[in-house]
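What follows is the residue order along each chain.
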Amino acid sequence: MSLSSPTGALTTRELIARYDAHAPRYTSYPTAAQFTPAVGAADWGAWLGAAPLDRAASLYLHIPFCKRLCWYCGCNTRAMNRVGVMTSYVDLLLKEADLVLERIGRPVRVGSIHLGGGTPNMLPPEELERLFAGLAARFDLGDCFEIAAELDPEVLTQGWVEAAGRIGLSRASLGVQDLSPKVQAAVNRPESFETIRWAAEALRGQGVTSLNLDLMYGLPLQGAEHVVTTVAQIAVLRPERIALFGYAHVPWMKPHQKLIKEADLPGPEERFTQSQAAARYLVQKGWQAIGLDHFALPHDSMAAAVRAGRLHRNFQGYTTDEAPVLIGLGASSISRTPQGFVQNHAQERDWRADVSAGTLPVARGVALNPRDAFVGEIIERLMCDFTVDVAEIARMRGRDLAEVAAVWPRLQRFQLDGLIEVNGTTVTVTDLGRPFVRAVCAAFDPGAADIEKRHARVV
C-alpha cells in the first residue's frame, strides 16, 4: 500500500516516519499524564459539593480483578480468584459511594453506569447483584438509560449472565483481541470463537441490546492476515460496535509487557497495514467508521451521535455519554466535573486504606481553567468529528483566538503533506490524515512535548 500526499511527495513509509511520534490518546484534556498530587481529596470534596447535578451524572466502577494476566494489558488489574477479596472490595465500593454522597449533600440521579476493569465478570453473580442493590439504595436510578460492562468471554458463566439480566445490563463489551492461536499464545490469552459466540448469544438472550467486541492490531506475531481473519469471524455475530485498538507497548509503565518479545512485534508499516485492512473490511460489511478506532452499525446510538455531532471522548474511549459529572469508584478510577479531573489511588491497598479510614481515596488530579476547557473542546471535536471551527468554539466560550496563535505555524506541515485542510479558522483532517489525528491534536496541546515518552506511538 503506497499512499502519497497531493503532490505525490510522500509515501506511506515517509508519512509514518514523519508523524509516528509518541502522542496522547486524548481521552481527556489535560491528559492523565498531566495529573499531579497537588489536586487531592479536599479538592474533590469541594468539587462534589459544587457539582452541577441538574442533569443526571454517570457512574464508573473499576473492578481490578482478572482470571489471568494478559501480557498486552495496559489496565489496572491483577490475577485474583479469592471470593473474600472481591466481597470486601464490593463493601468498599459502596462505602466510597457513601463518602462521595456525603460531600454532595443532595440526591444524585444517575443516567448511566459502566463497569470496567480488569474483568467485572470475575465478581460472583451474587456480589454483582449486591453491588447494584447497594447502588440503587444510594442513587436515583429511575432515569438510568444504560448499564454497561467490559467482559472476558472465557470467564463468563450462565449464572453471571442471568444476574446481569436481573440488574438490567444493556450494553456489553467482549474482549476478543485476535483469534489466531499463535498470537493468543504470544500474549497469554487463549479463547475460542465458539466461546465468544456463546457469550454474545447468551447476553443478547438476557436483554443486552448493544454488543461491542474489542479487537487489537500490532500484537506479537500478528500479521494483516490474522487481523482480517479475526474481523471476518466476529463479523458474523453482527455486533453493534467494534473497537479496533492498536497495541501500546509501554513496558516502562507496564512491566508485565516485558514478557512480550519485542522482536515479535510488527513494525509501524505493518501495524498501519493491519489497521487499514481491517477498517476496509468492516466498512465494506456495513459498519460505519467512527473516530480513530471505532466502528458501529448505522442503527447504533454511537452512529446516531456522530450524525448529530454529539460524539464524545472519555476514559473509556468514544462515548455517547454527555453527562457533565462522572463519578468514578474503585482503585484507579477517574472522575470528572466541570472543575477538573481526579484519579483514585491505582494501588488497591492504598485505595482500600483510604476508604476504610473514611477518606476520599484521591491520589492526583488536575484543575481545569477556561483555557484548558477551550483547548480540550478543540481536541475533542478533532478526535470525534475530524473537523473543528476554532473561532466558533472561541466565540462560544468567550475566548480569544490569540490563545492558540502558536498553533497555526505548527499545522503548516500537516497541511503541506495533505493530512489536513485549513479554511480560515476551520481545520479538517483529510482521509489521508485520519490515522495521524492524534499528532494533529498534539499541535494544539502546549504540554504534549513535555510528556511525549509517556504515551504510545501514533500508528
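Up top is the structure these notes are about.
Below you will find a few notes about this structure. (Residues numbered from 1 in each chain as written. Predicted model: local features only at pLDDT ≥ 70, side-chain atom pairs only at ≥ 80, totals over all residues. Heavy atoms only, no water.)

## Some thoughts on the packing of helix α3 (residues 83-104) against helix α11 (residues 348-356)
Here α3 crosses α11 at 50 degrees, and the two axes come no closer than 10 Å. In terms of orientation, α3 and α11 fall into the oblique class. Two packed elements cross with a definite hand, and for α3 against α11 that hand is left-handed. Counted together, V85, S88, Y89, L92, L93, K95, E96 and L99 of α3 and E348, W351, R352, V355 and S356 of α11 form the full contact between these two elements. (Axes fitted to C-alpha atoms, helices over the stretch in contact; angles between N-to-C directions. Helix = DSSP H or I, 4+ residues; strand = E, 2+ residues; numbered from the N terminus. Parallel < 35°, antiparallel > 145°, perpendicular 65-115°, else oblique. Left-handed = near helix turned anticlockwise from the far one by under 90°. Contact = heavy atoms within 4.5 Å.)

## As for the layout of surface pockets
Looking at the second largest pocket, its volume works out to about 760 Å³. Taken together, 29 residues make up the lining of the second largest pocket; nearest its centre are H312, R336, E377, E380 and R397. No other element matches the seven residues that helix α12 (residues 370-385) contributes to the lining of the second largest pocket. Partitioning the lining of the second largest pocket into residue classes produces twelve nonpolar, seven polar and ten charged. (1 Å grid on protein atoms, 1.4 Å probe; cavity = no way out; pocket = protein on both sides within 12 Å on 5 of 7 lines; lining within 4 Å. Points joined across faces, edges and corners; volume = space filled by probe spheres on them. Nonpolar A, V, L, I, M, F, W, Y, C, P; charged D, E, K, R; others polar.)

## So, the sheet that holds strand β18 (residues 420-423)
Spatial strand order, β17-β19-β18: three strands in an open sheet with antiparallel pairing. Strands with a single pairing partner mark the edges of an open sheet, and in this sheet they are β17 (387-389) and β18. Across the sheet, the axes of successive neighbouring strands diverge by a mean angle of 10 degrees, strand direction being ignored. When β17 meets strand β19 (residues 426-429), the two strands line up antiparallel, connected through three bridges. Residue pairing across strands places T387 opposite T428, the latter belonging to β19. The strands that α12 touches are β17 and β19; relative to β17, the one it contacts most, it runs at about 145 degrees. (Pairing = 2+ DSSP bridges.)

## Focus: the packing of α12 against helix α15 (residues 437-444)
Between α12 and α15, the least distance of the axes is 10 Å, while the angle of their chain directions is 165 degrees. Relative to α15, the element α12 is oriented roughly antiparallel. Crossing of α12 against α15: the hand is right-handed. Contact residues: α12 offers V375, I378, I379, L382 and M383, while α15 offers V437, R438, V440, C441 and F444. Residues that form the contact of α12 with α15 fall into these classes: nine nonpolar, no polar and one charged.

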